Amino acid sequence: MHFNSTILLKAHTDIASARKEYDALPDQEWRKDFFSDETGGYLVTNWKRIKEAATKNEPEKLETEHAMCLVFAKGGFKVRHYQDDKTQGSFDVMINDSRADLKKTRSTNNIIRYAKHGLKVQNAEIILIEFENWGNEFRDIVSEMSRKGIHGYYYVTGDEVIHSF
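An account of the accompanying structure is given in this report. What you see as residue numbers is a count from 1 along each chain, following the sequence as written. For this predicted model, a pLDDT threshold of at least 70 governs which residues receive local features, and a threshold of 80 or more governs which side-chain atom pairs are given and counted, while totals over whole chains, interfaces and linings are taken from all residues. With hydrogens and water excluded, all non-hydrogen atoms of the structure serve as input to the side-chain values.

Judged by which residues are buried, strand 3 (residues 78-81) turns out to be one-sided: V79 and H81 face inward and are buried, whereas K78 and R80, on the alternate face, are not. Pairing between strand 2 (residues 42-46) and strand 3: four bridges, direction parallel. Bridged to V44 within strand 3 is R80. The rule is simple: take the accessible area with a 1.4 Å probe, protein chains only, and divide by the maximum for that residue type; under 20% is buried, over 50% is exposed, in between is partly exposed. Each helix is a run of H or I in the DSSP string that is no shorter than four residues. Each strand is a run of E no shorter than two, and both are numbered from the N terminus. Note: two strands are recorded as paired if DSSP finds a minimum of 2 bridges between them.

As summarised here, the arrangement of the eight strands in space is 1-2-3-4-5-6-7-8, forming an open sheet in which the pairing is mixed. Each edge of the sheet is formed by a strand with only one pairing partner; in this case those strands are strand 1 (30-35) and strand 8 (163-164). Pairing of strand 1 with strand 2, which is carried by five bridges, proceeds in the antiparallel orientation. The residue of strand 2 that forms the bridge with K32 is V44. Its contacts with the sheet place helix 3 (residues 59-74) against strand 1, strand 2, strand 3, strand 4 (93-95), strand 5 (98-105), strand 6 (126-131) and strand 7 (152-156), and it is angled at close to 165° to strand 3. Should any heavy atoms of two residues lie within 4.5 Å, those residues are considered in contact. Between the N-to-C directions of two axes lies an angle of 0 to 180 degrees, each axis being a line fitted to C-alpha atoms and, for a helix, fitted only over the stretch in contact.

With that settled, the discussion passes to the pattern of salt bridges. The term salt bridge refers to a side-chain nitrogen of Lys or Arg lying within 4 Å of a carboxyl oxygen of Asp or Glu. A full pass over the atoms with the stated rule returns 15 salt bridges. Notably, a salt bridge pairs E21 with K78, separated by 3.4 Å at the nearest N-O pair. Taken together, the residues E21 in helix 1 (residues 2-24) and K78 in strand 3 connect sequence positions 57 residues apart. If you follow the salt bridges from partner to partner, you end up with R19, D23 and D37 in one network.

The next thing to look at is the environment of Q28. Locating Q28 in the fold gives a position in the loop between helix 1 and strand 1. It is 21 Å that separates the C-alpha atoms of Q28 and L70, two residues lying 42 residues apart in sequence.

Here we take up the nonpolar core. Within the largest apolar cluster, 16 residues are counted, with the highest numbers of intra-cluster contacts made by F72, V79, V93, I95 and L128. Those elements that place two or more of their residues in this core are helix 3, strand 4, strand 5 and strand 6. With five residues, helix 3 is the largest single contributor of residues to this core. Ignoring anything within four residues of it in the chain, the contact list for V93 reads C69, V79, R80, H81, Y82, S98, R99, A100, L102 and L128. Residues belong to one nonpolar core when they are buried, are Ala, Val, Leu, Ile, Met, Phe, Trp, Tyr or Cys, and are joined through side-chain atoms within 4.5 Å.

To continue, consider helix 3. Along its 16 residues, helix 3 runs 22 Å from first to last C-alpha, staying within 8% of the 22 Å computed at 1.5 Å per residue. Buried within helix 3 we find L62, E65, M68, C69, V71, F72 and A73. A positive backbone phi angle near 105° is found at G76, which sits one or two residues after helix 3. What a helix should span is 1.5 Å times the count of its residues minus one.

With their axes 7 Å apart at the nearest point, helix 2 (residues 47-55) and helix 3 run at an angle of 145° to one another. Packed against helix 2, whose contacting residues are R49, I50 and A53, the element helix 3 presents P59, K61, L62 and E65 at the interface. Counted by class, the contact of helix 2 with helix 3 contains four nonpolar, no polar and three charged residues. Ten residue types, Ala, Val, Leu, Ile, Met, Phe, Trp, Tyr, Cys and Pro, are classed as nonpolar, four, Asp, Glu, Lys and Arg, as charged, and the remainder, Gly among them, as polar.

Another point: the side chain of T45. Within the element layout of this structure, T45 appears in strand 2. Two N or O atoms count as a polar contact when they lie within 3.5 Å, although within protein this holds only if one can serve as hydrogen donor and the other as acceptor, and sequence-adjacent residues are included solely when both atoms are side-chain atoms. In this structure the side chain of T45 is engaged in a polar contact, spanning 2.5 Å, whose partner is the side chain of D33. Those residues within four positions of T45 in sequence are excluded, and the remaining contacts are E29, W30, R31, D33, I50, H66 and H81.

Here we take up the environment of I95. Tracing the sequence through the fold places I95 in strand 4. With 31 residues separating them along the chain, I95 and I126 place their C-alpha atoms 9.2 Å apart. Not counting the four nearest positions on each side in its chain, I95 is found in contact with F72, F77, K78, V79, A100, I126 and L128.

Another point: the packing of helix 4 (residues 111-120) against helix 5 (residues 136-147). For any two helices packed against each other, one specifies the crossing angle of their axes together with the interaxial distance. Relative to each other, helix 4 and helix 5 sit at 35°, their axes nearing to 10 Å. For the pair helix 4 and helix 5, the sense of crossing is right-handed. Note on element contacts: helix 5 touches helix 4 through I141, E144 and M145, opposite I111, I112 and A115. Residue composition of the contact of helix 4 with helix 5, grouped by class: five nonpolar, no polar and one charged. Two helices crossing with the near one rotated counterclockwise from the far one by less than a right angle form a left-handed crossing, whereas a clockwise rotation gives a right-handed crossing.

What follows is the structure in C-alpha cells.
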C-alpha cells in the first residue's frame, strides 16, 4: 500500500507542477488551449502561429495540427505549438522539451521521406504521426522508421492511443 500512495503523491505533484508551468506561460505569447487535470498534459499555441495561418491562408492546416496536438496533450504531453518561422528551425511543436514535426497520412507512401525531411531540414528531434487508418503496411513502416533511427510517437485516427517508435 505504501508503494501505491507514493506513486499517487508523485502523480499529483507532477500534475500540480505542470499546472504551474502552464499558468506561468505569458498570455501575450501563448493562447492557452487545453490543460488535463488527469494527466498534466497541456496545449498552448503561439499567437504568431495563429496569425501566420491567417496570413498564409492556412486555417485548415492549423486546425489539423491543433487537433493532433490536442491528442498528445490529452495523452499527458506538454505541447507548445510554434510558428513556422523561428531561428531554431521550422519544426512544428515542442513536446516535453523535444523539437517535433507533425505528420498526418492516410498511406505509407513517402512517410519516411517526410520524416527525414522533418529531422534534417526542419530541425526536429522526433516525429509525431497521425495515421488515418492502420494495417500491416503501417506496422511495417513504423518498424522500418525505428530501424533507420527515426523516432517519435504515433496514433491512429479514432483510436488515439499513443504509441512510441
